[in-house]
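Per-entry structural report
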Amino acid sequence: QVQVVESGGGLVQPGGSLRLSCAASGNFRSIETMAWYRQVPAKERELVASIIGGGTTNYVDSVKGRFTISRDYAKNMAYLQMNSLKTEDTALYLCYIIIRDLSWGSTWQYWGQGTQVTVSS
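In every chain, residue numbers begin from 1 and rise along the written sequence. Local features in a predicted model are, by the rule used here, given only for residues with pLDDT of at least 70; side-chain atom pairs are given and counted only at 80 or more, and totals for whole chains, interfaces and linings are based on all residues. To get the side-chain values, take all heavy atoms of the structure and skip hydrogens and water.

1. Description of the pairing of strand β1 (residues 2–7)
Because side chains alternate across β1, one face comprises the buried residues Val2, Val4 and Glu6, and the other comprises Gln3, Val5 and Ser7, none of which is buried. Where β1 lies against strand β3 (residues 18–26), six bridges are found, and the strand directions are antiparallel. Bridge pairing in β3 places Val4 opposite Ala24. Relative accessible area decides the class of each residue, using a 1.4 Å probe on protein chains only: under 20% of the type maximum gives buried, over 50% gives exposed, and in between gives partly exposed. Runs of H or I in DSSP of at least four residues are treated as helices and runs of E of at least two as strands, each being numbered from the N terminus. DSSP-based pairing: two strands are paired if at least 2 bridges between them are found.

2. A closer look at the environment of Trp36
Checked against the element boundaries, Trp36 lands in strand β4 (residues 30–39). Placed 23 residues apart in sequence, Trp36 and Tyr59 show a C-alpha to C-alpha distance of 9.5 Å.

3. Here's the deal with the sheet that holds β3
Strand pairing in a sheet relies on backbone hydrogen bonds. The paired strands run either parallel or antiparallel. With antiparallel pairing, the four strands of this open sheet are ordered in space as β1-β3-β8-β7. Strands at the two margins of the open sheet, each flanked by one partner only, are β1 and β7 (67–72). Adjacent strand axes in the sheet meet at a mean angle of 15°, parallel and antiparallel pairs treated alike. Sheet analysis places β7 next to strand β8 (residues 77–82), joined by six bridges and oriented antiparallel. When the bridges of β8 are listed, Arg71 appears paired with Ala78. Axis definition: a line fitted to C-alpha atoms, limited for helices to the stretch in contact. Angles are taken between N-to-C directions and run from 0 to 180 degrees.

4. Overview of the nonpolar core
Nonpolar side chains tend to gather and get buried jointly when the protein is soluble and globular. For the purposes of this section, nonpolar cores are sets of buried Ala, Val, Leu, Ile, Met, Phe, Trp, Tyr and Cys residues that join through side-chain atoms within 4.5 Å. Met34, Trp36, Phe67, Leu80, Met82, Tyr93 and Ile97 are the most contacted members of the largest nonpolar core, which totals 29 residues. Elements with a contribution of two residues or more to this core: β1, β3, β4, β5 (46–52), β7, β8, β9 (91–100) and β11 (115–119). Counting residues per element, this core draws most heavily on β9, which supplies five residues. Tyr93 has contacts with Glu6, Leu20, Trp36, Tyr37, Arg38, Val48, Phe67, Leu80, Met82, Gly114, Thr115 and Val117, leaving out every residue within four places of it along the chain. Residues are treated as being in contact if the distance between any of their heavy atoms lies within 4.5 Å.

Here's what the structure looks like:
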């Protein structure tokens, strides 16, 4: 059906930067929304950033001014540029998409497996 794969995570020092990538593939008419969530043990999954088809973006307050979400529509990809990283940003980052299918034009949602970001000195 649809596959969602993240990449770009790793270990960085506080103040450093990382760029995460999300690649979507499969059969669908369009991708309506792409978003990045993050999750740490014993905490709720948190919406970090989202971007809709028209290009409107939203961010959780804790990352505003530091993170930027973007899309490459031709490649069905989304990115999360993370600057000025803090230890509190350490988490598994997951890509989430909403697609419109070819058969009925219905919407469906999919999750990637995640990529680990660790911020530590």
